[in-house]
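# Overview (structure and organization)
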Amino acid sequence: MTDDIEIIPIAGRFRGFLPVVVDVETGGFDCRKDALLEVAAVVLRIDEKGELSRHRTFSWHIEPFPNANMDPKSLEVNGIKPFSPLRMAVPEPKAMEEFFKVIRKEVKVNRCSRAILVGHNAPFDLNFVHAASERIKATRNPFHPFSTLDTVSLGAVMYGQTVLARLAQAAGMGWDADSAHSAVYDAEKTADLFCHFVNTWQTLDAAFKAVEN
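Throughout this document, residue positions are counted from 1 along each chain, in the order its sequence is written. In keeping with the predicted nature of the model, local features appear solely for residues at pLDDT of at least 70, side-chain atom pairs appear and are counted solely at 80 or more, and the whole-chain, interface and lining totals rest on all residues. As a rule here, side-chain values cover all heavy atoms of the structure and leave hydrogens and water aside.

Looking at an unreviewed UniProt entry, the chain carries the name Ribonuclease T, with the source organism given as Thiothrix litoralis. UniProt positions are given in the numbering used here, feature names are shortened, and annotations may be inferred rather than shown by experiment. Database annotation for the chain, UniProt heading Sequence similarities (unreviewed entry): "Belongs to the RNase T family." Listed under Subunit (unreviewed entry) in UniProt, the entry text for the chain is "Homodimer."

Structure follows, in structure tokens:
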């Protein structure tokens, strides 16, 4: 679970919202019919300078829900073998309840009102999170119902790139194609990019204010 040590709350930075970087791996593109197979969430911390950094990654391998569709083409891309015992997958209700519990605790320690999902093509991830929440009849889903922070848009503005691999390379972070399309790897790269975008803006904003003064 999250650390109980004293932290600098993020509440004041994003209007009371807590950015949580999420990536999902699935059996297709239909959030209601296709299986949710992996979820990874990266929680962030802010320092006294207002700069963000990755703090900790949580992840779950998830059993397909009953009668879930799994497109072979999607499984070929992400390399997931849904019924392999080596995955050590857990039922969707258990995974989602643990996931939401972690995020609710982060929201509390950061003195925020709710979480906002950060992702690369974030609506895709958010739709799968909400669809799973509905399937398990969750009553305390911590994520905003529709708002997101999307590194696709931020990357297009800063680097003129929208593909995650190309964005990471443009930002000088490198890219391991063999590790891509796992929820953990993609979530951590997305988190690094999001922090980079926010921190770069923080630096530029401070420079502009110094010139004005």
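Picking up where we left off.
### Observations concerning the packing of aromatic side chains
Any Phe, Tyr or Trp ring, taking Trp's six-membered ring, that has another such ring centre within 6.5 Å forms a pair; planes under 30 degrees apart are called stacked, those over 60 apart edge-to-face, and the others tilted. Counting across every chain of the model gives eight aromatic pairs. For the ring pair Trp 175 and Tyr 185, a centre distance of 5.2 Å and an interplane angle of 70 degrees mean the geometry is edge-to-face. Of this pair, Trp 175 sits in the loop between helix H5 (164–170) and helix H6 (183–212) while Tyr 185 is found in helix H6, placing the two residues ten residues apart along the sequence. Accessibility expressed as a relative area gives 16% for Tyr 185, which makes it buried. One aromatic cluster in this structure is built from Trp 60, Phe 99, Phe 100 and Phe 143. Geometry around Phe 14 places Arg 13 over its ring, the cationic atom sitting 4.9 Å from the centre. The ring centre of Phe 65 lies 3.9 Å from the NZ or CZ of Arg 135, which sits over that ring. The numbering of helices and of strands both runs from the N terminus, where a helix is a DSSP run of H or I of at least 4 residues and a strand a run of E of at least 2. To sort residues, take the accessible area from a 1.4 Å probe on protein chains only and compare it with the maximum for the residue type: under 20% means buried, over 50% means exposed, and anything in between is partly exposed. Throughout this description, the term charge over a ring refers to an Arg CZ or Lys NZ atom that lies within 6 Å of the ring centre and within 35 degrees of the ring normal.

### Thoughts on the packing of helix H2 (residues 92–109) against helix H3 (residues 122–135)
Only C-alpha atoms enter the line fits that serve as axes; for helices the fit covers just the stretch in contact. Angles between N-to-C directions range over 0 to 180 degrees. As a packed pair, H2 and H3 sit with axes 10 Å apart at the nearest point and diverge in direction by 115 degrees. Note on packing geometry: the crossing formed by H2 with H3 is left-handed. Two secondary-structure elements touch here, H2 through Glu 92, Met 96, Phe 99 and Phe 100 and H3 through Val 129, Ala 132, Ser 133 and Arg 135. Here a crossing is taken to be left-handed if its near helix is turned anticlockwise relative to the far helix by less than a right angle, and right-handed if that turn runs clockwise. Whether two residues are in contact is decided by their heavy atoms: any pair within 4.5 Å suffices.

### A look at the UniProt feature "domain: Exonuclease" (unreviewed entry) in the chain
In the numbering used here, UniProt assigns the "domain: Exonuclease" (unreviewed entry) feature to residues 18–203. Spanning residues 18–203, this segment combines 41% helix with 24% strand, and its end C-alpha atoms are found 21 Å apart.

### A short note on the UniProt feature "binding site: Mg(2+) 2" (unreviewed entry) in the chain
Taking the numbering used here, the UniProt-annotated feature "binding site: Mg(2+) 2" (unreviewed entry) corresponds to Asp 23, Glu 25, His 181 and Asp 186. What stands out for the annotated residues spanning 164 residues is how close their C-alpha atoms remain, the widest pair being 9.7 Å apart. Structurally, the position occupied by Asp 23 is in strand E1 (residues 17–26). Dropping the residues within four chain positions of it, Asp 23 is found in contact with Glu 38, Val 39, Ala 40, Asp 125, Ser 182, Ala 183, Asp 186 and Ala 187. Residue His 181 is classed as partly exposed on the basis of its relative accessible area of 36%.

### Concerning helix H4 (residues 151–159)
Along H4, the residues classified as buried are Thr 151, Val 152 and Gly 155. Down the axis of H4, the sector holding all buried residues measures 100 degrees, keeping them to one side. Two or three places before Val 152, at the opening of H4, Asp 150 has a side-chain oxygen 2.9 Å from that residue's backbone nitrogen. Gly 160 sits one or two positions beyond H4 and adopts a positive phi of about 70 degrees. Summarising the geometry, the arc corresponds to the directions from the helix axis toward the C-beta atoms. Identification of polar contacts relies on pairs of N or O atoms within 3.5 Å, with a donor-acceptor requirement for protein atoms, meaning one able to donate a hydrogen and the other able to accept it, and with residues adjacent in sequence counted only if both atoms are side-chain atoms.

### Some remarks on the pattern of salt bridges
Salt bridge criterion: a side-chain nitrogen from Lys or Arg within 4 Å of a carboxyl oxygen from Asp or Glu. By the definition in use, this model includes six salt bridges. Between Glu 106 and Arg 45 there is a salt bridge whose closest N-O contact spans 2.8 Å. In this pair, Glu 106 is assigned in helix H2 and Arg 45 in strand E2 (residues 36–46), connecting sequence segments 61 residues apart. Its salt-bridge partner being Asp 192, residue Arg 54 comes within 2.8 Å of it at the nearest N-O pair. Placement of Arg 54 in strand E3 (residues 52–61) and of Asp 192 in helix H6 is noted, with a sequence separation of 138 residues between them. In this structure Arg 54 comes out as partly exposed when scored by relative accessible area, which is 37%. Three or more residues are tied together by salt bridges with common partners; here these are Arg 54, Glu 188 and Asp 192.

### Regarding the nonpolar core
The criterion is simple. A nonpolar core is a set of buried Ala, Val, Leu, Ile, Met, Phe, Trp, Tyr and Cys residues joined through side-chain atoms within 4.5 Å. The biggest cluster of nonpolar side chains holds 49 residues, and the ones touching the most others in it are Val 22, Leu 44, Leu 52, Phe 99, Ile 103, Val 129 and Phe 143. With eight residues, the single largest contributor to this core is E2. For Leu 44, the contacting residues outside a window of four places in its chain are Ile 10, Pro 19, Val 21, Leu 52, Ser 53, Arg 54, His 55, Glu 106, Ala 191, Phe 194 and Cys 195.

### Side note on the environment of Cys 31
Looking at the element boundaries, Cys 31 is found in the loop between E1 and E2. Sequence-wise, Cys 31 and Asn 127 are 96 residues apart; in three dimensions their C-alpha atoms are separated by 6.1 Å. Setting aside residues no more than four positions away along its own chain, Cys 31 makes contact with Asn 127, Phe 128, Ala 131 and Arg 135.

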